[in-house]
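Understanding the architecture of this molecule
Residues per chain, in single letters:
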Amino acid sequence: MTAGRLPCCVPFCRRTIGADKGYSEWVCPKHWRLVSRETRAAYALARRRARRIIARKPIYREYWRLPAGSPARLSAVAMWRRVDSVWERCKRQAIERALGGGEEP
């Protein structure tokens, strides 16, 4: 792999993206299509809700600066966990379907 490139999360996929795009991990478009519409819609909804909350409360972007145990920090952590859990579901589904497991959409 070339330096400064980020590989697709699916094993043995040779597609990469520039590391300067701001992602920590990604699924290439070829494998993203293998994720069910329901799961992609759930991920889009979680991200949309997070963007709306951040627009109203920008401190949620840097929630670790909030006092530990405060309601605002717990709410922000819950929001990011929702986004992360749906992303993990998308990633798992793309990997399973690309490697022959699971149902095709």
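These notes cover the structure that comes with them. (Residues numbered from 1 in each chain as written. Predicted model: local features only at pLDDT ≥ 70, side-chain atom pairs only at ≥ 80, totals over all residues. Heavy atoms only, no water.)

Structurally, I95 can be placed in helix α3 (residues 71-98). Taking C-alpha positions, I95 is 9.1 Å from V27, a pair spaced 68 residues apart along the chain. Leaving out residues up to four positions away in the same chain, I95 has contacts with C9, V10 and P11. (Helix = DSSP H or I, 4+ residues; strand = E, 2+ residues; numbered from the N terminus. Contact = heavy atoms within 4.5 Å.)

A word on helix α2 (residues 37-56). For α2, which comprises 20 residues, the first-to-last C-alpha distance of 29 Å matches the rise-based estimate of 28 Å (1.5 Å per residue) to within 8%. For α2, every residue scored as buried is listed here: T39, Y43, A46, A50 and I54. Across the axial projection of α2, the buried residues extend over an arc of 70°, all falling on one side. Relative to its buried face, α2 has exposed residues pointing more than 90 degrees away, namely R37, E38, R49, A55 and R56. Against the buried residues of α2 lie α1 (29-32) and α3. (Expected span 1.5 Å × (residues − 1). Buried < 20%, exposed > 50% of the residue type's maximum accessible area, 1.4 Å probe, protein only. Arc of directions from axis to C-beta.)

Okay, the side chain of Q93 next. Tracing the sequence through the fold places Q93 in helix α3. Of the residues examined, Q93 reaches a relative accessible area of 16% and is grouped as buried. Only 2.7 Å separates the side chain of Q93 from the backbone nitrogen of S36, close enough to count as a polar contact. Apart from residues lying up to four places away in sequence, Q93 is in contact with L34, V35, S36 and T39. (Polar contact = N/O pair within 3.5 Å; in protein donor to acceptor, adjacent residues only side chain to side chain.)

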